[in-house]
Amino acid sequence: MRLQSTISRLCEHHELPADDYQALLTTDDAESMAFLHNEAQRVTENVFGRNVYIRGLLEISNHCRNNCHYCGIRKGNSNLHRYRLSKSEIIESCMIGYERGFRTFVLQGGEDPAQTTDWLVDVVTTLHSKFPNCAITLSLGEKSYVDYERLRLAGAERYLLRHETYDPIHYAQLHPEEMSRDRRLQCLRSLKSLGYQTGAGMMVGSPYQTVDNLVEDLLFIQQFTPEMIGIGPFIAHHDTPFHNFPNGSPLFTLRLISILRLMHPHALIPATTALATLLSDGHTRGIMAGANVIMPNLTPAGVRNDYALYDHKAGYGAESVEGLDLLRAELSKIDYTIKIGRGDYSPTCLFPSPSPVGKRKCG
Ligand code: 5AD
C-alpha cells in the first residue's frame, strides 16, 4: 500500500506538509484510500462513539444581495420565487424540530438586507429564551464585527461561514468583484475571536479548482482549526453562469472528509446535503468516511424547494425533519444511532475506548 505511512503520520500528528496532502489527493491507489477511510472512521468512533449529531436546518430567506457565480439564490437569478420566513414561522418550525428531538437549530439564509441585525437579534433572543437547552447556529454570510457581536450576545453560539476557497484568485473566479477572499477570512477571524464555535469549508470540484487549491484549503483549515468543517461537492444550478460546469465528485469529497477528520479528530463534520444529493447513500458513506453530523431540513415545506442553491437539492425523506425515522433506519444499518443533545464541540475525548486501539492517543 503506497500511502500507508503518510496516512499513519497524519493520524498521529494531525498535520502534513503540502506535498503529502498533494499525494493523498492525487493517488489512485484504492488500498490506500480504503485505509484512509478506515482510519478516519476509527478515529471518529474513538472520539464520538457510534453516534451522529443532528441539526435542524431552517432556511430563513432566499433573498440575497450577492451574486456568487455558483449559487442558485444569487441576486441575478430572476427566475426564482423569493421568500423570507417571519419570526413566528421560525419559532413554529423550531417547535416542530424540538418535538422531534432537535437540540440545535441552524438559521441559514442568503444575505438578506431586510432581515436586519435588529430583527435577527430579536429572533435569536426569543429562540434562546424559548429553547434554553438548545444551541443556535447562524449561517447568514458576511456581517460586521459589531453585528456578529450583537448576535453572539443575543445567544447565538455557533456560526457557519465557508471560506469556499482559500486562493484569492480562485475566490475571484467564483465570486463577483465586490467580494473578496480577504474579507471572508476577516469575518472568520472575527467570529472566532467573539467565541463562536466557527465553521469553515469549501466546495469540492468547483469550477477552475485545482488540486493545489485544495491543498491550500487543507493547510488553511489545519492552522485555523475551525470547530466545524462543512464540505460538499459543487453541483451546477441551471440559472447560474456555471450551469455548464460538471458537478464535483462525491467520492473525492469523501476522501477530503477523511483527511479533515484525521487532521481534526474532534471537529464537527457533516455529511452534507450536497453529498446526499449526488449519492443516494451519502449520509452513511459520509459517516463511514469520518463525518459525525447530519443536518435534516426543517424549512416549511411550502418554500423548501425555493431555497435552491443547486439543482435537485435533497430536502425530503432522510434529508428532512419528517424523515427522521428513515434516517434512523439508514444509520442503524451501519450500527450508528442519532444522539439527542446539543452536540457541542469539545476538545477532549468523549468516548475513550478500553480496547488496545482506543488506548492510543485520543483520536
Ligand atoms: N453547489 C454546491 N454547494 C453550493 N453552495 C452554494 N451553491 C452551491 C452549489 N452550486 C454552498 C456554498 C455555501 C453553502 C451554504 O452552500 O459552499 O457556503
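What you are looking at is a predicted structure, and each value in this text was computed from that prediction instead of being measured.

Draft legend 1. Spotlight on the sheet that holds strand β2 (residues 56-61). Read from one edge of the open sheet, six strands run β2-β3-β4-β5-β6-β8, paired in parallel fashion. Each edge of the sheet is formed by a strand with only one pairing partner; in this case those strands are β2 and β8 (228-229). Summarising the sheet, strand β3 (residues 104-109) and strand β4 (residues 135-139) pair through five bridges and their orientation is parallel. The residue bridging Gln 108 from the neighbouring strand is Ser 139, located in β4.

Draft legend 2. Focus on the site of the ligand. Taken together, the residues surrounding the ligand are Tyr 70, Cys 71, Gln 108, Arg 162, Glu 164, Met 203, Pro 233, Phe 234, Ile 235, Leu 309 and Tyr 310. The backbone of Tyr 70 places a nitrogen or oxygen atom 2.9 Å from a nitrogen atom of the ligand. At a separation of 2.7 Å, a nitrogen atom of the ligand approaches a polar backbone atom of Ile 235. When isolated, the ligand has an accessible area of 410 Å², and the protein chains bury 88% of it.

Draft legend 3. Geometry of the packing of helix α2 (residues 18-26) against helix α9 (residues 211-224). In the contact formed by α2 and α9, the axes pass within 9 Å of each other and the chain directions differ by 125°. As summarised for this structure, α2 and α9 are arranged oblique, according to the angle between their axes. Relative to α9, the crossing made by α2 is right-handed. Judged by residue contacts, Ala 18, Tyr 21, Gln 22, Leu 25 and Thr 26 of α2 engage Val 211, Asp 212, Leu 214, Val 215, Leu 218, Leu 219 and Gln 222 from α9. For the contact of α2 with α9, the class distribution of residues is eight nonpolar, three polar and one charged.

Draft legend 4. Structural context of the nonpolar core. In terms of nonpolar packing, the biggest core is built from 99 residues, with Leu 127, Leu 138, Leu 256, Ile 259 and Leu 331 touching the most fellow members. Looking at this core element by element, the count peaks at eight residues for helix α10 (residues 250-263). Of all hydrophobic cores here, the second largest spans ten residues; its members include Val 47, Leu 57, Val 106 and Met 228.

Quick notes on the rules
- Residues numbered from 1 in each chain as written.
- Predicted model: local features only at pLDDT ≥ 70, side-chain atom pairs only at ≥ 80, totals over all residues.
- Heavy atoms only, no water.
- Pairing = 2+ DSSP bridges.
- Helix = DSSP H or I, 4+ residues; strand = E, 2+ residues; numbered from the N terminus.
- Near = heavy atom within 4 Å.
- Polar contact = N/O pair within 3.5 Å; in protein donor to acceptor, adjacent residues only side chain to side chain.
- Areas by Shrake-Rupley, 256 points an atom, 1.4 Å probe, with all protein chains shown as cover.
- Axes fitted to C-alpha atoms, helices over the stretch in contact; angles between N-to-C directions.
- Parallel < 35°, antiparallel > 145°, perpendicular 65-115°, else oblique.
- Left-handed = near helix turned anticlockwise from the far one by under 90°.
- Contact = heavy atoms within 4.5 Å.
- Nonpolar A, V, L, I, M, F, W, Y, C, P; charged D, E, K, R; others polar.
- Core = buried A, V, L, I, M, F, W, Y, C linked by side-chain atoms within 4.5 Å.
- Buried < 20%, exposed > 50% of the residue type's maximum accessible area, 1.4 Å probe, protein only.

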